[in-house]
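Listed below are the residues making up each chain.
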Amino acid sequence: MQKRKLGSSDLEITPIGVGAWAMGGGGWQFAWGAQDDDESVDAIHAALDHGINWIDTAAVYGLGHSEEVVGRALAGRSKKPLVFTKCGIVWDERRETRRSLEPESIRKEVEQSLSRLKMDVIDLYQIHWPDPDSLVEAAWKMMAKLQQAGKVRYIGVSNFNVDQMRRAQAIAPITSLQPPYSIISPEIEKEILPFTQANHIGVIVYSPMKSGLLSGTMTRERIAAMPEDDFRKRVPNFKEPLLSRNLELAELLGTIGRRHGRTAGEVAIAWTLRHPAVTGAIVGMRSAKQVEGVIGAAEFRLSADEIAEIERLRAASATPVTA
């Protein structure tokens, strides 16, 4: 599988990586419902066996559980993938989360993540959200200190805007940005992607299938049957009037995919990878079977005509595309 250089680092990553958000399981604010840990481990193993060489997780996913599952999946593997994780969201004994960029909090978080992941050094450590904004500089100084101390190899940001990236860059280089990006949510094309290109910042996008909406397997019935702790039930894109438009887009992606023996999800992911500023896409995988439905996106390329076909349907929609 081909690899792409991530920003100005020496990390060479495959076009898609394993997204471990849902592997955190249920029982927390942004859960995807219950998840079988054995299936998560199988998904990671299947992805690595297919050539994927990186995993993206975060401390908050499952309140530490996702990192533990990743650590379990990698135990005993002779060839380890790159592991990316994130800090800046903490929780209490009541399992209630809050965003925190206090430097000492970040220092504690990295030690906890290293322990859960069973690693000596994290390949890419990212600030999850720039909140509170007033602490962006202080947090980034701590991230640079962790890099200098050898706790992490590279440091990146997630969900930062251009101004916040400029402020961080004045302190230490940004290896990568992790923003949301999909056919449904293309907003970063306007300002953020041009900025990252101009400043040699790698981009690993998340939710390329918009939390499963563009996978080709989402239906109204499946949404209605989602457990109450699946955060997607509360998201506007999973409700009318946006839902009909989104399912129509997914149907078109399925039509395009069938021409090439690809799934709708692979088309959705390939659409994000077409942009020259995008280094890689984080793809959620909850089972080995799901890996089979997305792995082809790493090599698949849409034609100019197919990209235009997707754009025509988006433009024809009466409902504006929103995040």
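Residues numbered from 1 in each chain as written. Predicted model: local features only at pLDDT ≥ 70, side-chain atom pairs only at ≥ 80, totals over all residues. Heavy atoms only, no water.

1. A short note on the packing of aromatic side chains
Then, in step 1: Counted under the stated rule, the structure contains 7 aromatic pairs.
Then, in step 2: Ring centres of Trp21 and Tyr61 lie 5.7 Å apart, and the angle between their planes is 15°; on these two criteria the pair is classed as stacked. Here the residue Trp21 occupies a position in the loop between strand S3 (16-19) and helix H1 (37-49), and Tyr61 occupies one in the loop between strand S4 (54-56) and helix H2 (65-74), the gap between them amounting to 40 residues.
Then, in step 3: On the basis of an interplanar angle of 70° and a centroid distance of 6.3 Å, the ring pair of Phe30 and Phe231 is categorised as edge-to-face. (Phe/Tyr/Trp six-rings, centres within 6.5 Å; stacked < 30°, edge-to-face > 60°. Helix = DSSP H or I, 4+ residues; strand = E, 2+ residues; numbered from the N terminus.)

2. Examining the sheet that holds strand S12 (residues 280-284)
Then, in step 1: Read around the barrel, 8 strands follow the order S3-S4-S5-S8-S9-S10-S11-S12 and close on themselves; strand pairing throughout is parallel. The average angle at which neighbouring strand axes cross in this sheet is 30°, direction not considered.
Then, in step 2: Sheet topology note: the strand S8 (residues 122-127)/strand S9 (residues 152-158) ladder contains 5 bridges and is parallel. Within the sheet, the bridge partner assigned to Ile122 lies in S9 and is Val152. (Pairing = 2+ DSSP bridges. Axes fitted to C-alpha atoms, helices over the stretch in contact; angles between N-to-C directions.)

3. Observations concerning the environment of Met142
Then, in step 1: Its location among the elements puts Met142 in helix H4 (residues 136-148).
Then, in step 2: Judged by relative accessible area, which is 4%, Met142 ranks as buried.
Then, in step 3: It is 43 Å that separates the C-alpha atoms of Met142 and Leu253, two residues lying 111 residues apart in sequence. (Buried < 20%, exposed > 50% of the residue type's maximum accessible area, 1.4 Å probe, protein only.)

4. Some points on unusual backbone geometry
Then, in step 1: Here the bond from Asp131 into Pro132 is cis, since omega is 5°, no more than 30 degrees from zero.
Then, in step 2: Mapped onto the fold, Pro132 is located in the loop between S8 and H4.
Then, in step 3: The omega torsion of the bond from Glu240 to Pro241 falls at 10°, within 30 degrees of zero and hence cis.
Then, in step 4: For Pro241, the position within the fold is in the loop between helix H7 (220-224) and helix H8 (242-258).
Then, in step 5: One non-glycine residue, Arg95, lies in the positive phi region at around 65°.
Then, in step 6: Within the secondary structure layout, Arg95 lies in the loop between strand S6 (89-91) and strand S7 (97-99).

5. Looking at H1
Owing to its 3.6 residues per turn, the α-helix brings residues three or four apart onto one side.
Then, in step 1: Here H1 contains 13 residues, and its C-alpha end-to-end distance of 18 Å stays within 8% of the 18 Å for a straight helix at 1.5 Å per residue.
Then, in step 2: All buried positions along H1 are accounted for by Ser40, Val41, Ala43, Ile44, Ala46, Ala47 and Leu48.
Then, in step 3: Those residues of H1 that are buried lie in contact with S3, S4, H2 and helix H10 (288-292).
Then, in step 4: Between a side-chain oxygen at the N-terminus of H1 and the backbone nitrogen of Asp38 the separation is 2.8 Å; the capping residue is Asp36.
Then, in step 5: Trailing H1 by a residue or two, Gly51 shows a phi angle of about 110°, which is positive. (Expected span 1.5 Å × (residues − 1). Contact = heavy atoms within 4.5 Å. Polar contact = N/O pair within 3.5 Å; in protein donor to acceptor, adjacent residues only side chain to side chain.)

6. Here we look at H4
Then, in step 1: When the terminal C-alpha atoms of H4 are compared, their 18 Å separation across 13 residues agrees well with the 18 Å that a helix rising 1.5 Å per residue should span.
Then, in step 2: Within the span of H4, buried status applies to Val136, Ala139, Trp140, Met142, Met143, Ala144 and Leu146.
Then, in step 3: Of the surrounding secondary structure, the elements contacted by the buried residues of H4 are strand S5 (82-87), helix H3 (103-117), S8, S9 and helix H5 (162-169).
Then, in step 4: Of the residues flanking the end of H4, it is Gly150, one or two places downstream, whose phi is positive at about 85°.

7. With respect to the pattern of salt bridges
Then, in step 1: Counted according to the given criterion, the structure contains 21 salt bridges.
Then, in step 2: Across the pair Arg107 and Glu104 runs a salt bridge whose closest N-O atoms are separated by 3.3 Å. Highlighted residues: Arg107 and Glu104, both in helix H3, separated by 3 residues, approximately one helical turn.
Then, in step 3: Classification of Glu104 by relative accessible area gives partly exposed; the value is 45%. (Salt bridge = Lys/Arg side-chain N within 4 Å of Asp/Glu carboxyl O.)

8. Some thoughts on the pairing of strand S11 (residues 202-205)
Then, in step 1: Burial of the side chains of S11 extends over both faces: Gly202 and Ile204 are buried on one face and Val203 and Val205 on the other.
Then, in step 2: Relative to S11, strand S10 (residues 176-178) runs parallel, the two being bridged by 2 bridges. From the neighbouring strand, Leu177 faces S11, where its bridge partner is Val203.
Then, in step 3: You can see the chain leave S10, run along helix H6 (residues 192-198) and come back into S11, and the turn it takes is right-handed.
Then, in step 4: Two elements, S11 and S12, share 2 bridges in a ladder whose sense is parallel. For Val205, the partnering residue across the bridge sits in S12 and is Ala281. (Right-handed = clockwise from strand over helix to strand, strands pointing away.)

By themselves these figures say nothing about function.
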